[in-house]
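# Coordinates in review
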Amino acid sequence: FAGQFHADFYDDFSRYTNGASIDTGVIPLFGNAYSLRFGSTNYSNPPEVIGGELVSTNGEVFYLTTQLDRNVYNFGAVFEFDQNDAGNNITILVQPDNVWIGRVLHISATPFTLGVDVSTNGVAGFGGTNTIISHNFGSAGVAATNTQQLLVGQIVGDTLKINYGGQTFEGRHAELTNVVGQYFTFESFYTTNTLTNRIHEV
């Protein structure tokens, strides 16, 4: 087991100086350099670290990707929602290649829901989706805003286990082994009125 039990990727945004930009080429605490992709073509400012938390700087979606040295096995994030709004979310993507959202494990958490899809589309664009986890926490949501949330998961073969909001969920899909790979992405999604989340650790 020599070398098996170590982090391939980890970042703690409290280690960056205030105002630091997290852009393509930035090296995380552990792992390979980030590649930054924007959710629209007119995005000009990369996300910044403000008060030890990673935030979107001008109201757009950003995706930060790193390529691990082996397939994703365990993953997680610590973050806070700014508003108790269903539009607020944090999304994690796991892919076997760099075809953008072709074959992908797509995990999306909001204050009220957890949704996991396996897309076997194979070409750019989110299609051929199969929902393997869908949960609604009800009108109370998982926790108060401006409170640290934890989302962690583990992938073993065709099975995904996730802990979020103090509950454990499990989903299976035969194609999961073909969809999971070395590309790990986390996304900050923005709504029109405010930042949706602040990311502490990934």
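Just so you know, these numbers come straight off a predicted model, no measurement behind them.

### Some words on the overall build of the chain
When helices and strands are tallied, the chain shows one helix and 14 strands. Taking all 202 residues of the chain together, 47% fall into the buried category. Taking as baseline every contact in the chain between residues at least 6 positions apart, the subset at least 24 positions apart corresponds to 59%. Accessible surface, the chain: about 9,100 Å² in total, of which carbon and sulfur atoms supply 48%.

### A look at the pattern of salt bridges
Overall, the coordinates contain eight salt bridges when judged by the stated rule. A salt bridge links Asp82 to Arg198; its shortest N-O distance comes to 1.9 Å. Note that Asp82 is positioned in the loop between β5 (74–81) and β6 (89–95) and Arg198 in strand β14 (residues 197–201), a separation of 116 residues in sequence. Residue Glu170 pairs with Lys161 through a salt bridge whose shortest N-O separation is 4.0 Å. By relative accessible area, which is 47% here, Glu170 ends up partly exposed. In this structure Lys161 comes out as partly exposed when scored by relative accessible area, which is 41%.

### Details of the packing of aromatic side chains
Applying the stated rule across the entire model yields ten aromatic pairs. Between Phe9 and Phe184 the ring centres are 5.7 Å apart and the planes differ by 45 degrees, which places this aromatic pair in the tilted class. Linking Phe9 in the segment before β1 (35–38) with Phe184 in strand β13 (residues 183–189), this pair joins segments that are 175 residues apart in sequence. Each member of the pair, Phe9 together with Phe184, is buried.

### What to know about the pairing of strand β7 (residues 103–109)
The element β7 is extensively covered by neighbouring structure, given that six of its seven residues are classed as buried. Bridge analysis of β6 against β7 gives five bridges, and the strand direction is antiparallel. Its bridge partner lying in β7, Thr91 is registered against Ser108. Of the strand pairs in this sheet, β7 and strand β8 (residues 113–120) are connected by seven bridges, and their pairing is antiparallel. Bridge pairing in β8 places Ala109 opposite Leu114. The antiparallel pairing of β7 with β8 creates a hairpin that spans three residues between the two strands.

### Observations concerning the environment of Val202
Locating Val202 in the fold gives a position in the segment after β14. By relative accessible area, which is 9% here, Val202 ends up buried. As for Val202 and Gly76, which are separated by 126 residues in sequence, their C-alpha atoms are 5.8 Å apart. Those residues in contact with Val202, other than ones at most four positions away along the chain, are Phe9, Tyr10, Asp11, Phe13, Gly76, Ala77, Phe184 and Phe186.

Reading the values: rules and limits
- Residues numbered from 1 in each chain as written.
- Predicted model: local features only at pLDDT ≥ 70, side-chain atom pairs only at ≥ 80, totals over all residues.
- Heavy atoms only, no water.
- Helix = DSSP H or I, 4+ residues; strand = E, 2+ residues; numbered from the N terminus.
- Buried < 20%, exposed > 50% of the residue type's maximum accessible area, 1.4 Å probe, protein only.
- Contact = heavy atoms within 4.5 Å.
- Areas by Shrake-Rupley, 256 points an atom, 1.4 Å probe, with all protein chains shown as cover.
- Salt bridge = Lys/Arg side-chain N within 4 Å of Asp/Glu carboxyl O.
- Phe/Tyr/Trp six-rings, centres within 6.5 Å; stacked < 30°, edge-to-face > 60°.
- Pairing = 2+ DSSP bridges.

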